[in-house]
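Single-letter residue listing:
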Amino acid sequence: MIAPPNPAHFRDPALRPIAEKVLGGTRLDPADGIALFETSDVLSLGALAAYANARKNGDRVFFSANQHLNPTNVCVLRNTCVFCSFARLPKEDGAYTRSLEEVYQEAAHAVGAPTTEFHIVGGLHPKLRLSYYAEMFRGLKERHPTIHIKALTAVEIAHLARIEKTTVEAVLLALRDSGLDTMPGGGAEVFSTAVRATIAERKLTGQEWVDVHRTAHRLGIRTNCTMLYGHVETAADRIEHLTMLRDLQDETGGFLTYIPLAYHPDHNELGEEMGRVGSATTGYEDLKNVAVARLYFDNIDHIKTHWPMVTPFMSQVVLGFGCDDVEGTVVYERVYHEAGAKTAMHLPYRGLVELIRAAGKRPVERDSFYRPIRDAFDDLEEPPVAGAFAPSVHAA
Ligand code: V47
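Residues numbered from 1 in each chain as written. Predicted model: local features only at pLDDT ≥ 70, side-chain atom pairs only at ≥ 80, totals over all residues. Heavy atoms only, no water.

Asker: I'd like a rundown of the overall build of the protein, residues and numbers included.
Answerer: The helix and strand tally for the protein stands at 14 helices and eleven strands. For 396 residues, the compact-globule estimate of 2.2 N^0.38 gives 21 Å, and the C-alpha radius of gyration of the protein, at 20 Å, lies within 12% of that figure. Seen through its C-alpha atoms, the protein measures out along the principal axes to roughly 60 × 50 × 40 Å. Once local pairs closer than 6 in sequence are excluded, the contacts in the protein between residues at least 24 apart make up 75%. Of the roughly 15,600 Å² of accessible surface on the protein, 53% is carried by carbon and sulfur atoms. (Helix = DSSP H or I, 4+ residues; strand = E, 2+ residues; numbered from the N terminus. Rg over C-alpha atoms; globule rule 2.2 N^0.38 Å. Contact = heavy atoms within 4.5 Å. Areas by Shrake-Rupley, 256 points an atom, 1.4 Å probe, with all protein chains shown as cover.)

What follows is the structure, given as structure tokens:
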């Protein structure tokens, strides 16, 4: 266990009373959260968040052998989610929709360690029905009987309910019966009505996103949660968003982990409008979004860093700023690479172990519910990884 930091040594005096709350186990209020986002004293912020994390997770850092699959990039919100570079109109260049056979083929291509989880998300396709996903999940479970299926964001679930003219609950029940185990946290963006009106005008509202997750939790489907930061949102918008997530977690306890998602401005309308093409979030913002989340979410056990977005280098650094969970092997990442991410498509299993160890932490391969699968790696058969973290490793 690490020693608690001494607030008297904090450079920013605004952090001192907040630190007293954290050390005494008192929940932070929205004004505290905003002060944390506004400080430039990231080292004190990080020390506090690292302490809060150590209280929950010790020196363990989790990772998984997972595989991302994106069955289609066709999306009815193509023209209104102006931050997204992944979506295409049905007849646009680069649009694709996989047959189930193609999904099974891609799923069979685990790299290195056997995959334990498929992470499946895509666009809101106007014609792909509930039966396509239900059959996909059944087919994946037949081919990979021990696999965990984490699939479909709240936005995709609500879209399926709309085109099937049924309820979110009916869609979730049908998918759960077909093999859906948990849901990812995407589609949340920033809940503020004003922000959504600017970046995702026709998407599910923040309240509707929360309602889908509440329904999932009631049906026993655990989920993740996210926030897309680094575009037009203010510190107050971020804290309003985190408060809505914290409130739902108080009510249901259904969130497994929170993932701050760093906005990538390339190849999308918002990035062009903001004059941000080629300049993703700063390291300071990345550090703060992890540390503030760790301090604000006294009721969510894990904070995950998504290395394809912030780079493996930054993911390694945030392990000292309150983060205890590193996105897994991934295998093939499309959403951020379409938006200009220069990171690798895949991190080798051994690369993840080395990345975590080099940060002075204890790597633990986890399953999708954070149960340890493996914590001894001395007999790893994969060869050492040369250059695995190089940002220019960018398979097409
Ligand atoms: O909701 C889209 C984001 C999300 C861009 O639950 C963009 O374990 C940055 O939610 N720049 C989908 N971000 C990904 C996601 C996720 C990722 C990793 C793990 C988990 C999990 C969930 O990607 C979208 C949106 O917020 N996104 N476009 C962009 N240009």
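After that view of the structure, there is still more to cover.
Asker: Give me the lowdown on the nonpolar core, citing residues and values where you can.
Answerer: Core analysis: the biggest nonpolar cluster contains 113 residues, and Phe 137, Leu 175 and Trp 209 have the highest contact counts within it. Counting residues per element, this core draws most heavily on helix H12 (residues 283-296), at seven residues. Leave out the neighbours within four places in its chain, and Leu 175 touches Leu 130, Tyr 133, Ala 134, Phe 137, Leu 152, Ile 157, Leu 160 and Leu 180. (Core = buried A, V, L, I, M, F, W, Y, C linked by side-chain atoms within 4.5 Å. Buried < 20%, exposed > 50% of the residue type's maximum accessible area, 1.4 Å probe, protein only.)

Asker: If you had to explain the site of the ligand to someone new, which residues and values would you point to?
Answerer: Lining the immediate environment of the ligand, one finds 26 residues, of which Phe 83, Gly 187, Glu 189, His 264 and Tyr 336 sit closest. One nitrogen or oxygen atom from the main chain of Phe 83 is found 2.8 Å from a nitrogen atom belonging to the ligand. Between the ligand and Gly 185, the relevant distance is 2.8 Å, taken from an oxygen atom to a main-chain nitrogen or oxygen of the residue. Computed on the free molecule, the ligand has an accessible area of 620 Å², of which 95% lies beneath the protein chains in the complex. (Near = heavy atom within 4 Å. Polar contact = N/O pair within 3.5 Å; in protein donor to acceptor, adjacent residues only side chain to side chain.)

Asker: Explain the confidence of the model for the protein to me, and be specific about the residues and the numbers.
Answerer: The pLDDT averaged across the protein works out to 93; a share of 96% of its residues lies at or above 70. Here residues 390-396 is modelled with pLDDT under 50, and outside its nearest four sequence neighbours on either side it reaches 16 contacts, counting other chains as well. (pLDDT = per-residue confidence, 0-100.)

Asker: Can you explain unusual backbone geometry? Please cite residues and give values.
Answerer: At Glu 189, a position not held by glycine, the phi torsion is positive, near 50°. Inspection of the secondary structure assignment puts Glu 189 in the loop between strand E5 (182-183) and helix H8 (193-199). The buried category is assigned to Glu 189, whose relative accessible area is 7%. Positive phi is not limited to glycine here, since Tyr 370 has a value of about 70°. The residue Tyr 370 is located in the loop between strand E10 (362-366) and strand E11 (372-374) in this model. The exposure class assigned to Tyr 370 is buried, which follows from its relative accessible area of 10%.

Asker: Report on the environment of Asp 29, specifying residues and quantitative values.
Answerer: Within the element layout of this structure, Asp 29 appears in the loop between helix H1 (15-24) and helix H2 (30-38). Look at Asp 29 and you get partly exposed, because its relative accessible area is 32%. Along the chain, Asp 29 and Gly 58 lie 29 residues apart, while their C-alpha atoms are 25 Å from each other. The contacts of Asp 29, once residues within four sequence positions are left out, are Lys 21 and Tyr 296. A polar contact is formed between the side chain of Asp 29 and the backbone nitrogen of Ala 31, at a distance of 3.1 Å.

Asker: Can you break down the pattern of salt bridges residue by residue, with the values?
Answerer: Scanning the entire structure with this criterion turns up 23 salt bridges. Among the salt bridges present, the one from Lys 150 reaches Glu 117, with a minimum N-O distance of 3.1 Å. In this pair, Lys 150 sits in strand E4 (residues 148-151) while Glu 117 sits in strand E3 (residues 117-120), placing the two residues 33 residues apart along the sequence. The residues Lys 150 and Glu 117 share a single accessibility class, namely buried. Put simply, Glu 327 and Lys 304 hold a salt bridge, and the shortest N to O gap is 3.3 Å. Remark: Lys 304 occurs in strand E8 (residues 302-305) and Glu 327 occurs in the loop between strand E9 (325-326) and helix H14 (349-358); sequence separation between them is 23 residues. Each member of the pair, Glu 327 as well as Lys 304, carries the same accessibility label: buried. Salt bridges sharing partners connect three or more residues here, namely Lys 21, Asp 29 and Asp 32. (Salt bridge = Lys/Arg side-chain N within 4 Å of Asp/Glu carboxyl O.)

Asker: Break down helix H9 (residues 206-218) for me, citing the residues and quoting the values.
Answerer: Given a rise of 1.5 Å per residue, 13 residues ought to cover 18 Å, and the 19 Å separating the end C-alpha atoms of H9 matches this to within 8%. Those residues of H9 that sit buried are Gly 206, Trp 209, Val 210, Val 212, His 213, Thr 215, Ala 216 and His 217. Where H9 ends, the next residue or the one after it, Gly 220, has phi of about 85°, a positive value. (Expected span 1.5 Å × (residues − 1).)

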